[in-house]
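The primary structure of each chain is shown beneath.
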Amino acid sequence: MSRLMIIGCGGVASVAIAKVCQNDEVFDELLIASRTVSKCDAIKEKLQGQTKTKITTAQIDADDVEALTALIREYAPDAVLNVALPYQDLTIMDACLAAGVDYIDTANYEPEDTDDPAWREIYEKRCKELGFSAYFDYSWQWNYQERFKEAGLTALLGSGFDPGVTSVFAAYAKKHYFDTIDTIDILDCNGGDHGYAFATNFNPEINLREVSAPGSYMENGKWVEVPAMSIHREYDFEGVGKKDMYLLHHEEIEALGRNMPEVKRIRFFMTFGQSYLDHMRCLEDVGMLSTTPVNYNGQEIVPIQFLKALLPDPASLGPRTVGKTNIGCIFTGMKDGKKRSIYIYNVCDHQECYKEVGSQAISYTTGVPAMIGAMLVATGQWKNPGVYTTDEFDPDPYMEALNRWGLPWKVEENPALVE
Ligand code: NDP
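Residues numbered from 1 in each chain as written. Predicted model: local features only at pLDDT ≥ 70, side-chain atom pairs only at ≥ 80, totals over all residues. Heavy atoms only, no water.

Naming follows an unreviewed UniProt entry, where the protein chain appears as Saccharopine dehydrogenase-like oxidoreductase of Eubacterium cellulosolvens.

Below, the structure is given as structure tokens:
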């Protein structure tokens, strides 16, 4: 039996919480702590009575390490699942270290204020040394390796779908299907339609920062950076059909590139419709994606945060989104002296997710793996002092849990490859 603390109470958290409560044989106690406690109370109200998990709630500002450490100490959970924002990763890791508790998240650290001179200095050095310019990277959290090791604590980074499941797929392919993997193409297809001309499926600020950044991929251990949306391919996805997809920088490329150095090329593609791209380009051209505050009528406004306030709340997309997602990885390589290629993927239906937990598939495909990562760490199945990504543990229990908890996967031999 495990006691879990979840930080954050947005789209992804609401699915992770619903799944924790379904898995009440493992999670007998749950604390939901977030900035707006009324959201935690509303979820508690909805779920208690349907689960044996004892739910409590608390208000917390996860940027405040002292207050957070005190709350973690008081509740004494087996693990803390961070499904707040990537901005809080480091403060929550600090609090977990101080309180002596394992840590799990779904997205790697990026700063809220990208104009902070101390952060910028390190960022610009990294851009030059490594050759990619995304605002997020693993170095900040990998820096905690020794501290977590010495404390005997596990930090599991990026246990969402991508990153998360995609890296587990890579570990599974390596363990069961290949002697050597030569290439990995991660394909993230959302064939869902919410009926709006423009909306984002998860936190708009994080989402728009990610997709408006230059694209990059790894070739022979080196980053190759290209202008945003400049590499385009079409792919025929099961359950969705033909879709345009674009090469993006994505965090699992960095972790897989480090942990599987024998892989010669790692790329990430995401599908976008023309309307999304047109809106994004226009918003970028007029400065609405900027994170630098502007003064408007005597008030400081951060354009991308103001835009977030105008866009539909991702949590409200559930009832109106129809269609499917298809996310997976194509691997090529060698097995027993012969060339081999496989595609491991999951197809998820937006409306099925909504019927089950009241959320669309993007939150669902992130919240389920977040619960699974928390379960494997809290029950000691994935326990190793230090800071690790999901490709660094035995993939088998995670793959079994995906089938059991709502994200069944398939393996296709000889799939169509991406040029
Ligand atoms: P939301 O914006 O819907 O939710 C974020 C939640 O965190 C909100 O409840 C918010 O509080 C809370 N929060 C924000 N700041 C603080 C703070 N300082 N202290 C306490 N709570 C805080 O985001 P999503 O649910 O869409 O995303 C959650 C995470 O999942 C993000 O890190 C995102 O990058 C990641 N993600 C990962 C994916 C993957 O596949 N790996 C895919 C999609 C998302 P309030 O309610 O007051 O706003």
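Back to the text.
Enquirer: Would you mind showing me how to read the site of the ligand here?
Expert: Taken together, 28 residues sit near the ligand, with Val12, Thr36, Lys39, Ala62 and Asn203 positioned nearest. At a separation of 3.0 Å, an oxygen atom of the ligand approaches a polar backbone atom of phenylalanine 161. Backbone polar atom of aspartate 162 to an oxygen atom of the ligand: 3.0 Å apart, as the coordinates give it. Summarising the interface, the protein chains cover 92% of the accessible area of the ligand, which totals 940 Å² for the free molecule. (Near = heavy atom within 4 Å. Polar contact = N/O pair within 3.5 Å; in protein donor to acceptor, adjacent residues only side chain to side chain. Areas by Shrake-Rupley, 256 points an atom, 1.4 Å probe, with all protein chains shown as cover.)

Enquirer: When you look at unusual backbone geometry in this model, what are you seeing that I'm missing?
Expert: Leave glycine aside and you will find that most residues have negative phi; peptide bonds, for their part, are mostly trans. Residues aspartate 162 and proline 163 are joined by a peptide bond in cis, for which omega reads 10°. Relative to the helices and strands, proline 163 resides in the loop between β6 (154–157) and α8 (165–176). Located in the positive-phi region is alanine 76, a residue other than glycine, with phi close to 50°. Of note, alanine 76 is situated in the loop between α3 (65–75) and β4 (79–82). The phi dihedral of asparagine 414 falls on the positive side, at around 50°, and the residue is not glycine. The topology assignment puts asparagine 414 in the segment after β18 (409–413). When its relative accessible area of 61% is taken as the criterion, asparagine 414 is described as exposed. (Helix = DSSP H or I, 4+ residues; strand = E, 2+ residues; numbered from the N terminus. Buried < 20%, exposed > 50% of the residue type's maximum accessible area, 1.4 Å probe, protein only.)

Enquirer: Looking at this structure, how should I read helix α13 (residues 350–357)?
Expert: Along an α-helix, residues three or four apart share an orientation, since each turn contains 3.6 residues. Those residues of α13 that sit buried are His350, Cys353 and Val357. Angular distribution of buried residues about the axis of α13 spans 65°; they occupy a single face of the element. Where α13 is buried, its residues meet α1 (11–22), α2 (37–47), β7 (180–190), β15 (324–335), β16 (338–349) and α14 (361–378). Two or three places before glutamine 351, at the start of α13, stands the capping residue aspartate 349, its side-chain oxygen 2.9 Å from that residue's backbone nitrogen. Trailing α13 by a residue or two, glycine 358 shows a phi angle of about 80°, which is positive. (Arc of directions from axis to C-beta. Contact = heavy atoms within 4.5 Å.)

Enquirer: Looking at this structure, how should I read the nonpolar core?
Expert: Soluble globular proteins tend to bury their nonpolar side chains together. In terms of nonpolar packing, the biggest core is built from 94 residues, with Ile17, Phe169, Ile184, Phe331 and Ile372 touching the most fellow members. Here this core gathers at least three residues from each of two domains, domain 1 (2–157) and domain 2 (165–357). Ignoring sequence-local partners within four residues, the contact set of phenylalanine 169 consists of Phe161, Ile327, Gly328, Cys329, Phe331, Ile344, Tyr345, Met399, Leu402 and Trp409. Listed in part, the 34 residues of the second largest apolar core include Ala62, Tyr75, Tyr103 and Tyr144. (Core = buried A, V, L, I, M, F, W, Y, C linked by side-chain atoms within 4.5 Å. Domains from an automatic or database assignment.)

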